[in-house]
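The chain contents come next:
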Amino acid sequence: DASVGIDIRDIFYDMRRVSVAVVEGMFDIGLTGVLDTLSMANDLAPTLACPVPFAVELVGVRRRVRTQHGLGVPVQPVDSRRAPDIAMVPALGAKVPGALAQALGRNDVRETADWLAWAHGAGALVAAACTGTYVLAASGALDGARATTTWWLAADFRTRFPRVELDDTQMVVEDGRRVTAGAALAHIDLALWLVRQHSPELAALVSRYLVIDGRASQAAFSISDHLAHDDPVVRRFEHWCRSHLADFSMEAAARASGASERTLQRRVRRTLGRTPIGFVRDLRVERALHLLRTTDDAVDAIAEAVGYRDGVTLRALLREKTGATVGSLRRAP
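Conventions adopted
Residues numbered from 1 in each chain as written. Predicted model: local features only at pLDDT ≥ 70, side-chain atom pairs only at ≥ 80, totals over all residues. Heavy atoms only, no water. Axes fitted to C-alpha atoms, helices over the stretch in contact; angles between N-to-C directions. Helix = DSSP H or I, 4+ residues; strand = E, 2+ residues; numbered from the N terminus. Left-handed = near helix turned anticlockwise from the far one by under 90°. Contact = heavy atoms within 4.5 Å. Nonpolar A, V, L, I, M, F, W, Y, C, P; charged D, E, K, R; others polar. pLDDT = per-residue confidence, 0-100. Buried < 20%, exposed > 50% of the residue type's maximum accessible area, 1.4 Å probe, protein only. Pairing = 2+ DSSP bridges.

Visitor: Talk me through the packing of helix 12 (residues 276-294) against helix 13 (residues 299-306); I want residue IDs and the actual numbers.
Guide: Running from N to C, helix 12 and helix 13 cross one another at 145°; their axes reach a closest spacing of 10 Å. At the point where helix 12 passes helix 13, the crossing takes the right-handed sense. Counted together, Arg284, Arg287, Ala288, Leu291 and Leu292 of helix 12 and Ile302, Ala305 and Val306 of helix 13 form the full contact between these two elements. Looking at the contact of helix 12 with helix 13, its residues break down into six nonpolar, no polar and two charged.

Put into C-alpha coordinates, the structure is as follows:
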(Lines give C-alpha, C1' and ligand atoms only; values in the text may rest on other atoms or scores of the structure.)
Protein backbone atom coordinates (compact mmCIF):
# COMPACT_ATOMS: atom_id res chain seq x y z
CA ASP A 1 0.00 0.00 0.00
CA ALA A 2 1.58 3.26 -1.16
CA SER A 3 -0.01 5.19 1.72
CA VAL A 4 1.83 3.38 4.52
CA GLY A 5 4.19 5.63 6.46
CA ILE A 6 3.48 8.72 4.32
CA ASP A 7 2.17 12.00 5.66
CA ILE A 8 -0.82 13.08 3.52
CA ARG A 9 0.45 16.68 3.61
CA ASP A 10 3.64 15.77 1.78
CA ILE A 11 1.98 15.46 -1.61
CA PHE A 12 0.47 18.92 -1.35
CA TYR A 13 3.71 20.77 -0.71
CA ASP A 14 4.62 20.91 -4.39
CA MET A 15 1.48 19.38 -5.90
CA ARG A 16 0.40 20.40 -9.36
CA ARG A 17 -1.20 17.65 -11.44
CA VAL A 18 -4.80 16.48 -10.92
CA SER A 19 -6.22 13.91 -13.35
CA VAL A 20 -10.03 13.79 -13.34
CA ALA A 21 -11.25 10.57 -14.94
CA VAL A 22 -14.38 11.08 -17.05
CA VAL A 23 -16.59 8.16 -18.09
CA GLU A 24 -19.67 8.01 -20.30
CA GLY A 25 -22.84 9.23 -18.58
CA MET A 26 -21.05 11.08 -15.80
CA PHE A 27 -23.15 13.18 -13.40
CA ASP A 28 -22.83 16.72 -14.79
CA ILE A 29 -22.89 18.74 -11.58
CA GLY A 30 -20.36 16.44 -9.93
CA LEU A 31 -17.83 16.96 -12.70
CA THR A 32 -18.39 20.70 -13.00
CA GLY A 33 -18.48 21.18 -9.21
CA VAL A 34 -14.97 19.76 -8.90
CA LEU A 35 -13.63 21.66 -11.91
CA ASP A 36 -15.15 25.01 -10.94
CA THR A 37 -13.93 24.77 -7.33
CA LEU A 38 -10.36 23.93 -8.31
CA SER A 39 -10.43 26.60 -11.02
CA MET A 40 -11.64 29.16 -8.48
CA ALA A 41 -8.75 28.21 -6.20
CA ASN A 42 -6.29 28.78 -9.05
CA ASP A 43 -7.85 32.16 -9.87
CA LEU A 44 -7.83 33.37 -6.25
CA ALA A 45 -4.42 32.04 -5.24
CA PRO A 46 -2.50 35.13 -6.50
CA THR A 47 -4.62 37.42 -4.31
CA LEU A 48 -3.12 35.63 -1.29
CA ALA A 49 0.37 35.55 -2.79
CA CYS A 50 0.02 31.76 -3.12
CA PRO A 51 1.40 29.78 -6.05
CA VAL A 52 -1.31 28.43 -8.34
CA PRO A 53 -1.97 25.06 -6.73
CA PHE A 54 -3.54 22.84 -9.40
CA ALA A 55 -2.95 21.79 -12.99
CA VAL A 56 -6.17 19.96 -13.83
CA GLU A 57 -6.53 17.59 -16.77
CA LEU A 58 -9.54 15.61 -17.96
CA VAL A 59 -8.62 12.05 -18.84
CA GLY A 60 -10.53 9.04 -20.07
CA VAL A 61 -10.21 5.49 -21.32
CA ARG A 62 -12.31 6.35 -24.37
CA ARG A 63 -11.64 8.97 -27.01
CA ARG A 64 -15.14 10.48 -26.87
CA VAL A 65 -17.11 10.96 -23.65
CA ARG A 66 -20.52 12.50 -23.00
CA THR A 67 -22.08 13.42 -19.69
CA GLN A 68 -25.46 12.21 -18.49
CA HIS A 69 -27.08 15.21 -20.20
CA GLY A 70 -25.26 14.61 -23.47
CA LEU A 71 -22.57 17.28 -23.20
CA GLY A 72 -19.34 16.34 -24.96
CA VAL A 73 -16.24 16.42 -22.73
CA PRO A 74 -12.79 16.80 -24.31
CA VAL A 75 -10.48 14.24 -22.72
CA GLN A 76 -6.95 13.03 -23.20
CA PRO A 77 -5.99 9.36 -22.80
CA VAL A 78 -5.09 8.22 -19.31
CA ASP A 79 -1.32 8.10 -18.83
CA SER A 80 -0.21 4.74 -17.44
CA ARG A 81 3.46 5.72 -17.45
CA ARG A 82 3.46 8.64 -15.02
CA ALA A 83 1.01 8.80 -12.15
CA PRO A 84 -0.65 12.15 -11.35
CA ASP A 85 -0.46 13.63 -7.87
CA ILE A 86 -4.22 13.12 -7.56
CA ALA A 87 -6.44 10.72 -9.52
CA MET A 88 -10.10 11.54 -9.10
CA VAL A 89 -13.39 10.11 -10.37
CA PRO A 90 -16.63 12.12 -10.03
CA ALA A 91 -20.06 10.50 -9.78
CA LEU A 92 -21.68 8.29 -12.36
CA GLY A 93 -25.08 9.34 -13.61
CA ALA A 94 -26.63 6.15 -12.17
CA LYS A 95 -28.41 6.85 -8.89
CA VAL A 96 -30.03 3.53 -7.86
CA PRO A 97 -28.47 0.10 -7.19
CA GLY A 98 -29.71 -1.60 -10.37
CA ALA A 99 -28.42 1.14 -12.66
CA LEU A 100 -25.14 1.26 -10.74
CA ALA A 101 -24.66 -2.48 -11.15
CA GLN A 102 -25.08 -2.10 -14.91
CA ALA A 103 -22.66 0.84 -15.02
CA LEU A 104 -20.01 -1.00 -13.01
CA GLY A 105 -20.21 -3.86 -15.49
CA ARG A 106 -19.33 -1.66 -18.46
CA ASN A 107 -15.88 -2.04 -19.98
CA ASP A 108 -15.04 1.66 -19.76
CA VAL A 109 -15.93 1.80 -16.05
CA ARG A 110 -13.90 -1.34 -15.30
CA GLU A 111 -10.93 0.09 -17.20
CA THR A 112 -11.25 3.35 -15.27
CA ALA A 113 -11.23 1.39 -11.99
CA ASP A 114 -8.11 -0.45 -13.18
CA TRP A 115 -6.42 2.88 -13.90
CA LEU A 116 -7.32 4.19 -10.44
CA ALA A 117 -5.83 1.04 -8.89
CA TRP A 118 -2.64 1.56 -10.89
CA ALA A 119 -2.44 5.26 -9.97
CA HIS A 120 -2.92 4.49 -6.28
CA GLY A 121 -0.27 1.79 -6.40
CA ALA A 122 2.07 4.26 -8.11
CA GLY A 123 1.70 6.75 -5.25
CA ALA A 124 -1.20 8.99 -6.30
CA LEU A 125 -3.83 10.18 -3.88
CA VAL A 126 -7.12 8.74 -5.16
CA ALA A 127 -10.40 10.56 -4.62
CA ALA A 128 -14.08 10.12 -5.44
CA ALA A 129 -17.47 11.52 -4.50
CA CYS A 130 -21.06 10.27 -4.52
CA THR A 131 -21.44 7.23 -6.83
CA GLY A 132 -17.87 7.73 -8.01
CA THR A 133 -16.95 6.02 -4.73
CA TYR A 134 -18.33 2.80 -6.27
CA VAL A 135 -15.76 3.01 -9.05
CA LEU A 136 -12.98 3.70 -6.57
CA ALA A 137 -14.13 0.82 -4.34
CA ALA A 138 -14.28 -1.48 -7.40
CA SER A 139 -10.61 -0.66 -8.00
CA GLY A 140 -9.71 -2.24 -4.66
CA ALA A 141 -8.02 0.95 -3.46
CA LEU A 142 -10.51 1.30 -0.59
CA ASP A 143 -10.13 -2.25 0.75
CA GLY A 144 -9.41 -2.09 4.47
CA ALA A 145 -9.76 1.70 4.50
CA ARG A 146 -12.31 4.14 5.92
CA ALA A 147 -14.56 5.79 3.36
CA THR A 148 -17.91 7.47 2.86
CA THR A 149 -20.45 7.45 0.06
CA THR A 150 -23.80 8.99 -0.76
CA TRP A 151 -26.11 8.41 2.20
CA TRP A 152 -29.03 6.71 0.42
CA LEU A 153 -26.79 4.02 -1.11
CA ALA A 154 -24.88 3.15 2.07
CA ALA A 155 -26.64 -0.19 2.61
CA ASP A 156 -26.06 -1.25 -1.00
CA PHE A 157 -22.43 -0.09 -0.85
CA ARG A 158 -21.80 -2.17 2.30
CA THR A 159 -23.22 -5.27 0.63
CA ARG A 160 -21.21 -4.78 -2.54
CA PHE A 161 -17.93 -3.74 -0.89
CA PRO A 162 -17.76 -5.45 2.54
CA ARG A 163 -13.99 -4.87 2.85
CA VAL A 164 -14.47 -1.08 3.00
CA GLU A 165 -14.98 0.47 6.44
CA LEU A 166 -17.91 2.73 5.56
CA ASP A 167 -18.96 5.79 7.58
CA ASP A 168 -21.83 7.25 5.61
CA THR A 169 -22.53 9.98 8.19
CA GLN A 170 -19.42 11.91 7.16
CA MET A 171 -19.24 14.38 4.28
CA VAL A 172 -15.52 13.78 3.60
CA VAL A 173 -13.34 10.92 4.86
CA GLU A 174 -9.57 10.77 4.39
CA ASP A 175 -7.59 7.60 5.02
CA GLY A 176 -3.99 7.67 3.87
CA ARG A 177 -3.88 8.43 0.17
CA ARG A 178 -7.61 7.92 -0.23
CA VAL A 179 -10.29 10.62 0.05
CA THR A 180 -14.01 10.06 -0.44
CA ALA A 181 -17.02 12.36 -0.19
CA GLY A 182 -20.77 11.94 0.18
CA ALA A 183 -23.76 12.82 -1.98
CA ALA A 184 -23.87 14.97 -5.13
CA LEU A 185 -22.82 18.43 -3.94
CA ALA A 186 -20.17 16.87 -1.70
CA HIS A 187 -18.03 17.07 -4.86
CA ILE A 188 -17.49 20.69 -3.81
CA ASP A 189 -16.63 19.61 -0.26
CA LEU A 190 -14.11 17.16 -1.72
CA ALA A 191 -12.53 19.82 -3.93
CA LEU A 192 -12.39 22.26 -1.00
CA TRP A 193 -10.69 19.56 1.07
CA LEU A 194 -8.00 19.35 -1.60
CA VAL A 195 -7.60 23.13 -1.60
CA ARG A 196 -7.42 23.16 2.21
CA GLN A 197 -4.45 20.79 2.22
CA HIS A 198 -2.59 23.30 0.05
CA SER A 199 -3.74 26.40 1.95
CA PRO A 200 -6.48 26.67 4.61
CA GLU A 201 -6.65 30.40 3.95
CA LEU A 202 -7.23 29.83 0.23
CA ALA A 203 -9.91 27.22 0.95
CA ALA A 204 -11.73 29.65 3.25
CA LEU A 205 -11.64 32.32 0.54
CA VAL A 206 -12.92 29.94 -2.14
CA SER A 207 -15.77 28.79 0.11
CA ARG A 208 -16.79 32.43 0.67
CA TYR A 209 -16.79 33.12 -3.06
CA LEU A 210 -18.89 30.00 -3.67
CA VAL A 211 -21.12 30.71 -0.62
CA ILE A 212 -20.51 27.18 0.70
CA ASP A 213 -20.60 26.59 4.46
CA GLY A 214 -18.52 23.89 6.09
CA ARG A 215 -20.57 20.67 6.24
CA ALA A 216 -18.83 17.94 8.20
CA SER A 217 -21.76 15.53 8.26
CA GLN A 218 -24.42 14.13 5.92
CA ALA A 219 -26.64 13.27 8.88
CA ALA A 220 -28.70 16.45 8.62
CA PHE A 221 -29.63 15.59 5.01
CA SER A 222 -30.32 11.85 5.16
CA ILE A 223 -33.81 10.36 5.04
CA SER A 224 -33.81 6.96 6.68
CA ASP A 225 -36.64 5.40 4.68
CA HIS A 226 -34.85 6.25 1.42
CA LEU A 227 -31.96 3.91 2.18
CA ALA A 228 -31.66 1.43 -0.69
CA HIS A 229 -31.93 -2.21 0.38
CA ASP A 230 -34.16 -5.24 -0.15
CA ASP A 231 -34.28 -7.00 3.24
CA PRO A 232 -37.97 -7.55 4.22
CA VAL A 233 -37.19 -7.98 7.94
CA VAL A 234 -35.28 -4.69 8.03
CA ARG A 235 -38.04 -3.02 6.03
CA ARG A 236 -40.68 -4.10 8.61
CA PHE A 237 -38.36 -2.98 11.41
CA GLU A 238 -37.96 0.48 9.84
CA HIS A 239 -41.73 0.88 9.34
CA TRP A 240 -42.53 -0.11 12.95
CA CYS A 241 -39.82 2.09 14.45
CA ARG A 242 -41.19 5.25 12.86
CA SER A 243 -44.40 4.86 14.86
CA HIS A 244 -42.67 3.92 18.10
CA LEU A 245 -39.80 6.34 18.61
CA ALA A 246 -41.08 7.39 22.01
CA ASP A 247 -41.67 3.84 23.33
CA PHE A 248 -39.10 1.79 21.42
CA SER A 249 -38.00 -1.57 22.81
CA MET A 250 -35.97 -4.30 21.14
CA GLU A 251 -38.42 -7.00 22.23
CA ALA A 252 -41.39 -5.24 20.62
CA ALA A 253 -39.37 -4.32 17.51
CA ALA A 254 -38.30 -7.94 16.98
CA ARG A 255 -41.87 -9.17 17.41
CA ALA A 256 -43.17 -6.62 14.88
CA SER A 257 -40.38 -7.53 12.44
CA GLY A 258 -41.09 -11.27 12.59
CA ALA A 259 -37.61 -12.19 13.81
CA SER A 260 -35.79 -12.98 17.03
CA GLU A 261 -33.87 -10.17 18.69
CA ARG A 262 -30.57 -11.82 17.73
CA THR A 263 -31.62 -12.21 14.09
CA LEU A 264 -32.86 -8.63 13.97
CA GLN A 265 -29.59 -7.36 15.42
CA ARG A 266 -27.61 -9.30 12.82
CA ARG A 267 -29.72 -8.33 9.80
CA VAL A 268 -29.97 -4.64 10.68
CA ARG A 269 -26.21 -4.42 11.25
CA ARG A 270 -25.48 -6.28 8.01
CA THR A 271 -27.92 -4.20 5.95
CA LEU A 272 -27.69 -0.74 7.50
CA GLY A 273 -24.21 -0.85 8.99
CA ARG A 274 -25.40 -0.01 12.50
CA THR A 275 -27.24 -1.62 15.41
CA PRO A 276 -31.04 -1.36 15.73
CA ILE A 277 -30.51 1.09 18.61
CA GLY A 278 -28.15 3.12 16.42
CA PHE A 279 -30.71 3.20 13.62
CA VAL A 280 -33.47 4.33 16.02
CA ARG A 281 -31.15 7.08 17.20
CA ASP A 282 -30.76 8.22 13.57
CA LEU A 283 -34.54 8.19 13.13
CA ARG A 284 -34.90 10.31 16.28
CA VAL A 285 -32.36 12.80 14.92
CA GLU A 286 -34.24 12.94 11.61
CA ARG A 287 -37.60 13.55 13.34
CA ALA A 288 -36.10 16.12 15.71
CA LEU A 289 -34.55 18.02 12.81
CA HIS A 290 -37.92 18.10 11.05
CA LEU A 291 -39.65 19.43 14.17
CA LEU A 292 -36.97 22.04 14.77
CA ARG A 293 -37.37 23.37 11.23
CA THR A 294 -41.17 23.25 11.01
CA THR A 295 -42.41 24.10 14.52
CA ASP A 296 -41.70 26.51 17.36
CA ASP A 297 -41.80 23.70 19.94
CA ALA A 298 -39.32 23.91 22.80
CA VAL A 299 -36.34 21.57 22.62
CA ASP A 300 -37.55 19.68 25.72
CA ALA A 301 -40.92 19.04 24.05
CA ILE A 302 -39.24 17.83 20.86
CA ALA A 303 -36.96 15.59 22.91
CA GLU A 304 -39.97 13.97 24.60
CA ALA A 305 -41.73 13.50 21.25
CA VAL A 306 -38.80 11.54 19.82
CA GLY A 307 -38.12 9.42 22.90
CA TYR A 308 -35.69 11.35 25.13
CA ARG A 309 -36.32 12.54 28.68
CA ASP A 310 -34.84 16.00 28.30
CA GLY A 311 -33.48 18.50 25.82
CA VAL A 312 -29.91 18.19 27.11
CA THR A 313 -29.57 14.68 25.68
CA LEU A 314 -31.11 15.75 22.36
CA ARG A 315 -28.87 18.82 22.06
CA ALA A 316 -25.78 16.70 22.62
CA LEU A 317 -26.91 14.10 20.08
CA LEU A 318 -27.71 16.70 17.43
CA ARG A 319 -24.32 18.32 17.92
CA GLU A 320 -22.61 14.92 17.66
CA LYS A 321 -24.49 13.89 14.51
CA THR A 322 -24.61 17.18 12.61
CA GLY A 323 -21.82 19.30 14.07
CA ALA A 324 -24.31 22.15 14.49
CA THR A 325 -26.13 23.84 17.36
CA VAL A 326 -29.90 23.73 17.85
CA GLY A 327 -30.08 27.44 17.02
CA SER A 328 -28.36 27.03 13.67
CA LEU A 329 -30.44 23.95 12.83
CA ARG A 330 -33.64 25.92 13.47
CA ARG A 331 -32.48 28.56 10.97
CA ALA A 332 -31.47 26.01 8.33
CA PRO A 333 -33.69 25.77 5.23
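That covers the picture; the talk isn't over yet.
Visitor: Describe the confidence of the model for the protein chain, and please don't skip the residues or the numbers.
Guide: Taken over all residues, the pLDDT of the protein chain has a mean of 87, while the share at 70 or more is 89%. This model gives residues 2-6 a pLDDT under 50, and the stretch forms eight contacts once residues within four places in sequence are excluded.

Visitor: Break down unusual backbone geometry for me, citing the residues and quoting the values.
Guide: For Ala49, which is not glycine, the phi torsion reads 60° and is therefore positive. Tracing the sequence through the fold places Ala49 in the loop between helix 2 (28-44) and strand 2 (55-60). The backbone phi angle of Val211 is positive, close to 55°, even though this residue is not glycine. Inspection of the secondary structure assignment puts Val211 in the loop between helix 8 (200-210) and helix 9 (232-242). Under the relative-accessibility criterion, Val211 is labelled exposed at 68%.

Visitor: Just give me the short version of the sheet that holds strand 5 (residues 76-77), but keep the residues and values in it.
Guide: Working definition: the strands of a sheet are paired by backbone hydrogen bonds and lie parallel or antiparallel to each other. Reading across the sheet, the seven strands line up as 5-2-1-6-7-11-10 and stay open at both edges, with mixed pairing between neighbours. What marks the edges here is a single partner per strand, and that holds for strand 5 and strand 10 (172-174). By the bridge criterion, three bridges tie strand 10 to strand 11 (residues 178-181) in an arrangement that is antiparallel. Looking at strand 11, one finds that Val172 is bridged to Ala181. In the packing of helix 4 (residues 107-121) onto the sheet, the strands contacted are strand 1 (17-21), strand 2, strand 6 (86-89), strand 7 (125-129) and strand 11, and the crossing angle to strand 6 comes to about 155°. The strands that helix 7 (residues 186-198) touches are strand 6, strand 7, strand 10 and strand 11; relative to strand 7, the one it contacts most, it runs at about 155°.

Visitor: Tell me about the side chain of Asp282, and please be specific about residues and values.
Guide: When you line up the elements, Asp282 lands in helix 12. Setting aside its immediate chain neighbours within four residues, Asp282 contacts Arg274 and Lys321.

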